[in-house]
Amino acid sequence: MIEVSGLKKSYKLSKRQLAMIADRQARQKVKIAVSDLSFTVRPGTIFGLLGPNGAGKTTTLRCISTLLKPTDGKVLVMGIDAEESPEKVRASIAFLTNDLKLDKHFTPLDTLRFFADLHRVPKALAEERADVLFEYFDITPFKDKKIGELSQGMMQKVAIAVSLIHDPPVVIFDEPTNGLDIITARKVTDYLKMLRDQGKTIIISTHIMTVAEKLCDEIAVILNGSLAAAGTVASLLEQTGQKDLDDAFFEIYRAENGGVS
Ligand SMILES: Nc1ncnc2c1ncn2[C@@H]1O[C@H](COP(=O)(O)OP(=O)(O)OP(=O)(O)O)[C@@H](O)[C@H]1O
């Protein structure tokens, strides 16, 4: 279970960042990336944060994953307060982010073993899990090659396998299909569905409508750091009177922008 209540995150802008804002009047010392965001992700569901670039999806996922400290609000992961016990939260999550840098001099197998050790997974169990993950994501023929020699897609799959090596109950994936071809992307979404069916609590971010529509049991539409709408695909269609998620999203966007799209 993930419980987010009244989450707020603002970034203090550097002089350089401030200088990049052309309108002097609009210059503020802080950027509010997320404001008053509340939602719950239940076990056995895939929850999607859907929003355009800069909406605040990554910031939200980083606050849940304890990589960022919220400015305000509360995050509970499996009932554990993320601010009070970040190590315990980290032990119970798989976190995938686009800027995760795996050491290019290591092989996928070394890397999985390293992270398994870090999470204190018993050696035999770690080898077993590595085999299963490598097989599923077609990494096996590349498991002894240097990560730096692998394709982008293969690196992304290794990062996914690494994040899951300790088989945690909560999965937090930031744009999990980013940069993947259609076949690999399907493998990843099928795997997430399998984890969901095992009862894991899953949250992803995406700006891709079809990913949200086909994968997520519940969707939170995030615009300018705030929750603009939430519910199942069916309920978002009903709320907006639209026939597909694409149109529903634009209707929500239009309403948020005072009727201007
Ligand atoms: N370190 C930072 N300092 C200042 N502003 C930041 C910082 N990180 C993010 N922001 C700003 O906060 C807002 C939310 O960013 P965030 O990365 O969470 O959005 P996102 O929905 O994940 O978008 P994307 O899909 O582009 O990653 C954006 O306006 C972004 O420019």
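Residues numbered from 1 in each chain as written. Predicted model: local features only at pLDDT ≥ 70, side-chain atom pairs only at ≥ 80, totals over all residues.

A short note on the packing of helix H4 (residues 108–118) against helix H6 (residues 152–164)
Now for step 1: Packing of H4 against H6 brings their axes to within 9 Å, and their N-to-C directions diverge by 25°. It follows that H4 is roughly parallel to H6 by the angle criterion. Where H4 crosses over H6, the two elements pack in a sense that is right-handed. Here Pro108, Thr111, Leu112 and Phe115 of H4 come into contact with H6, specifically with Val158, Ala161 and Val162.
Now for step 2: The residue inventory of the contact of H4 with H6, partitioned by class, reads six nonpolar, one polar and no charged. (Axes fitted to C-alpha atoms, helices over the stretch in contact; angles between N-to-C directions. Helix = DSSP H or I, 4+ residues; strand = E, 2+ residues; numbered from the N terminus. Parallel < 35°, antiparallel > 145°, perpendicular 65-115°, else oblique. Left-handed = near helix turned anticlockwise from the far one by under 90°. Contact = placed C-beta atoms within 7 Å. Nonpolar A, V, L, I, M, F, W, Y, C, P; charged D, E, K, R; others polar.)

A look at the environment of Leu13
Now for step 1: When you line up the elements, Leu13 lands in the loop between strand S1 (2–12) and helix H1 (15–19).
Now for step 2: Note on Leu13: 16 C-beta atoms within 10 Å, which makes it partly exposed.
Now for step 3: Remark: the alpha-carbon pair of Leu13 and Val132, spanning 119 residues in sequence, is separated by 44 Å. (Buried ≥ 20, exposed ≤ 12 C-beta atoms within 10 Å, placed from the backbone.)

Regarding the pairing of strand S9 (residues 218–223)
Now for step 1: The element S9 is extensively covered by neighbouring structure, given that six of its six residues are classed as buried.
Now for step 2: Going residue by residue along S9, you find Glu218, Ala220 and Ile222 tucked away on one face and Ile219, Val221 and Leu223 tucked away on the opposite face as well.
Now for step 3: Relative to strand S10 (residues 226–231), S9 is paired through five bridges, and the arrangement is antiparallel. Directly across from Ala220, in S10, lies its bridge partner Ala230.
Now for step 4: Between S9 and S10, which pair antiparallel and follow one another directly, the connecting turn spans two residues, one of which, Asn224, has a positive phi of 50°. (Pairing = 2+ DSSP bridges.)

Section: the environment of Thr58
Now for step 1: For Thr58, the position within the fold is in helix H2 (residues 57–64).
Now for step 2: Judged by C-beta crowding, with 21 C-beta atoms within 10 Å, Thr58 ranks as buried.
Now for step 3: A sequence separation of 115 residues divides Thr58 from Phe173, and the C-alpha atoms of the two residues are 9.5 Å apart.
Now for step 4: Setting aside its immediate chain neighbours within four residues, Thr58 contacts Asp174 and Ser205.

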